[in-house]
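Chain and residue survey
Take a look at the letters that make up each chain.
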Amino acid sequence: MTGYELVRRPGRRSVAVSGVAGSFVVAASVAGGPVSAGVAVAGVACLLAGVWLGRIRIADGGALVGFAGVVGAALQGAGPIAVLFGTVAAVVAWDSGTNAVALAEQVGRGADTGRVEVLHALYGAGVGVTGGVLGFVLFRVGPTRQPVTTLFVLLLAAAILVVALNR
Amino acid sequence: MTDRSRADDRPGDSVTSGGTVPDDETAPDGGADVATTDGETAVGDDASEDVAGTPEPAVAGRSGPSGATVGDRDGTESVEPAETDAETEGTLTIRAVTTRRTGRWVGVAGLSFLTAGLGIVTSTRPLLLAAVVGVLYLAYANVTSAPTPSLSAARRVSDSTPDPGDEVEVTVSVTNTGDSSLPDLRVVEQVPDALSVERGPARAATALRPGATMTFSYTVTARRGEFDFDGLTLVVRNASGSEEKEFDLSMAPTTLTCVPPVAATDAVPLHALTSHYTGRVATDTAGEGVEFASVREYQHGDPLSRIDWNRYASSGTLATMEFREERMATVVLLVDLRKGAYVQSGEGGRNAVERSVDASHRLFNSLLDTGDRVGIAALSKDDIWLPPGAGPTHQAEARHLLATHPALSPTPPDERVYVRPALRMLVGRLPDDAQVLFCSPMVDDAAAYVARRLHVRGHPVTVVSPDATRRDTIGRTLASVERSNRLSELRAAGIRVIDWSEDESLFEALEAARRRWSR
């Protein structure tokens, strides 16, 4: 009996969603120079390969390297907008990619998952943009004279609060 | 193949077209209420009122999975008898709920602090900003949990009584009846094991806003049997995907009944054990018939038509010809349904039980056609016994039994069958003059034992053995040789064996056997 075979890997469109976000990562890391851009390109390529193959670990690693490109750009003096933009794009690319892998694992390549994937990416991007804008406003109007350690402690406190609220 | 439409695209109840509200519906408690909320069910809502919007925490769903029928218990199955297609929608009952955190955002949390740390060490403020984004993502992942959906579902098959090999389209629609939207809903159809999906995944994923319906359809190839489509697996995630809930749901079954058309084969060669009724099995008794038996001296009163006029012409003495008397046989078809009989040669073929059941069906009809009395029995966990009989009612009964009895389904049973008690029971039931047609792949000695025991008990056995062996590996060759030895031993014991190989039809196998036996 021939029958239908379930392919548990994401389809082209899932890779495209990740690819669009990934291209923003590369665009943002160009601000830091050719080295960081190169790292970002390699990372995004690895991420997309991982998504296409349905291998979460490869996708994770790719996203990490892509983000390293953004961090590199920041260390080489890229502006806050580029760094924020790159960070959000990296998270969205990783989030939509790994979500597509998990989705394909459950429902297969043949199912039409475009709607739920795009929605997932948009939710993620929305949160990222909100965070970016918040951060940027803090950067502009916030107390610039404070030592960075204070900011770090504040961040840590916020994170602990978030986790504690949910427990 | 996913087609989604929002509820407002289809006015009214999007899953129940007006005509499918069953007339024969026994009015459950509060019939008027049911008429408007037909098939509407709250999943995981212990309050069990049909306004089940409020998502409950995961624990609530977990606390009541043991038969916590939600909604009205009477179910609202609606099958349209006028047409062949059937639509079922019903109470969704939770069989099991699993809630798990996917943990996919943990890495992001770690990474954002690493970034912040790097920002401090290198005094790079943009990196600290990036960490702010990370913390926000952490909040996004942590503060929401997977919603408990409130859903109704309907299933529709394009043809509820297909012929074997027909393609049947199954359409499943799931409606969000709650008032919160589901950002990530994955539905996996629980297709009956024996059916294979031909086209389209029997799964779908989408986001559903309140009142919206998702529909997906797939095609299965029908095969002999009765199949219940009664389950759905649902996976609901929150928007960030940090938590997912998996529901194993059962609903009123949609039944697919696939009864093969009446098929027969050529006349079946039988042993000369017969009843005293006139039939078609030639016996050794001389009398009325068509096959010449002997010539005897003329006795007064012999009919003129039986006088051997040739002899009279040559020698002048009167002699009477005698023919072999033809009698009716009583046959019981015994099908081997033990777990070991579900053997199959290679991938994709039919297993030996399927071939046996198919053969039984054909043998049954041709034996009935030739005027014999036929019954059905099986070596199985379930008690299958159709006493020998004749007539159209008996034929219809047997056809239904062979097509839809769950023990005859193409998937192997879990329990083992104890041969000796089954055999004792069978022998007790067999009429004295019954002979047995035993359909078994003969893959073990127990089957040969059954054949031999029945034979020595005075029920002549003819074994119809679908060959499922191959000779491509050493082990398989060994099994194949063992089987042919077993068959040879049976033949030596006076049992007739029809070795039915995969690439020949039953008709060819019977012909070959007949030629061998008449020699």
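Residues numbered from 1 in each chain as written. Chains lettered and ligands numbered in written order. Predicted model: local features only at pLDDT ≥ 70, side-chain atom pairs only at ≥ 80, totals over all residues. Heavy atoms only, no water.

What follows is about a nonpolar patch on the surface. Among the surface-exposed residues, Val129(A), Val133(A), Val137(A) and Val141(A) lie close enough to one another that they form a single nonpolar patch of about 360 Å² accessible area. According to the relative accessible area criterion, Val133(A) is partly exposed, its value standing at 49%. (Patch = residues over 30% accessible without salt bridge, like charges linked within 9 Å, V, L, I, M, F, W, Y side chains within 5 Å. Areas by Shrake-Rupley, 256 points an atom, 1.4 Å probe, with all protein chains shown as cover. Salt bridge = Lys/Arg side-chain N within 4 Å of Asp/Glu carboxyl O. Buried < 20%, exposed > 50% of the residue type's maximum accessible area, 1.4 Å probe, protein only.)

So, about the sheet that holds strand E11 (residues 243-258) of chain B. Pairing is antiparallel across the open sheet formed by five strands, whose spatial order is E3-E11-E10-E6-E8 (chain B). The open sheet terminates on both sides in strands that have one partner only, identified here as strand E3 (93-101) and strand E8 (203-208) of chain B. Pairs of neighbouring strands in the sheet enclose a mean axial angle of 20°, with direction left out of account. Against the sheet, helix H4 (residues 80-107) of chain A makes contact with strand E6 (182-189), E8, strand E10 (225-237) and E11 of chain B, and its axis sits at roughly 30° relative to E6(B), the strand it touches most. (Pairing = 2+ DSSP bridges. Helix = DSSP H or I, 4+ residues; strand = E, 2+ residues; numbered from the N terminus. Axes fitted to C-alpha atoms, helices over the stretch in contact; angles between N-to-C directions. Contact = heavy atoms within 4.5 Å.)

On to the nonpolar core. Residue and element names in this part refer to chain B. Among the nonpolar cores identified, the biggest contains 36 residues, and Val174, Leu185, Tyr218 and Val220 are the most heavily contacted of them. Taken together, the elements giving at least two residues each to this core come down to E3, strand E4 (151-157), strand E5 (167-176), E6, E8, strand E9 (213-221), E10 and E11. If we ignore the near neighbours within four places in the chain, the residues touching Tyr218 are Val168, Glu169, Val170, Val172, Glu189, Val191, Val197, Arg199, Gly200, Pro201, Ala202 and Phe229. If you look at the next biggest cluster of nonpolar residues, it comprises 35 residues, including Ala359, Ile376, Ala398 and Ala509. (Core = buried A, V, L, I, M, F, W, Y, C linked by side-chain atoms within 4.5 Å.)

On to the packing of helix H1 (residues 12-29) of chain A against helix H2 (residues 34-53) of chain A, then. Residues and elements named next belong to chain A. Close contact between H1 and H2 brings their axes to 9 Å; oriented N to C, the two are set at 170°. In terms of orientation, H1 and H2 fall into the roughly antiparallel class. Of H2, the residues touching H1 (which contributes Arg12, Val15, Ser18, Gly19, Gly22, Val25, Val26 and Ser29) are Ser36, Ala37, Ala40, Val41, Val44, Leu48, Val51 and Trp52. A class-by-class count of the residues in the contact of H1 with H2 yields 10 nonpolar, five polar and one charged. (Parallel < 35°, antiparallel > 145°, perpendicular 65-115°, else oblique. Nonpolar A, V, L, I, M, F, W, Y, C, P; charged D, E, K, R; others polar.)

This next bit is on the packing of aromatic side chains. The relative placement of two aromatic rings is captured by the distance of their centres and the angle of their planes. All names here are of chain B. All chains considered together, the criterion is met by six aromatic pairs over all chains. Judged by centre distance (5.4 Å) and plane angle (10°), the ring pair of Trp105 and Tyr137 falls under stacked. Within this pair, whereas Trp105 is found in the loop between E3 and helix H3 (106-121), its partner Tyr137 is found in helix H4 (residues 125-143), the two being separated by 32 residues in sequence. The class for Tyr137 is buried, based on a relative accessible area of 1%. (Phe/Tyr/Trp six-rings, centres within 6.5 Å; stacked < 30°, edge-to-face > 60°.)

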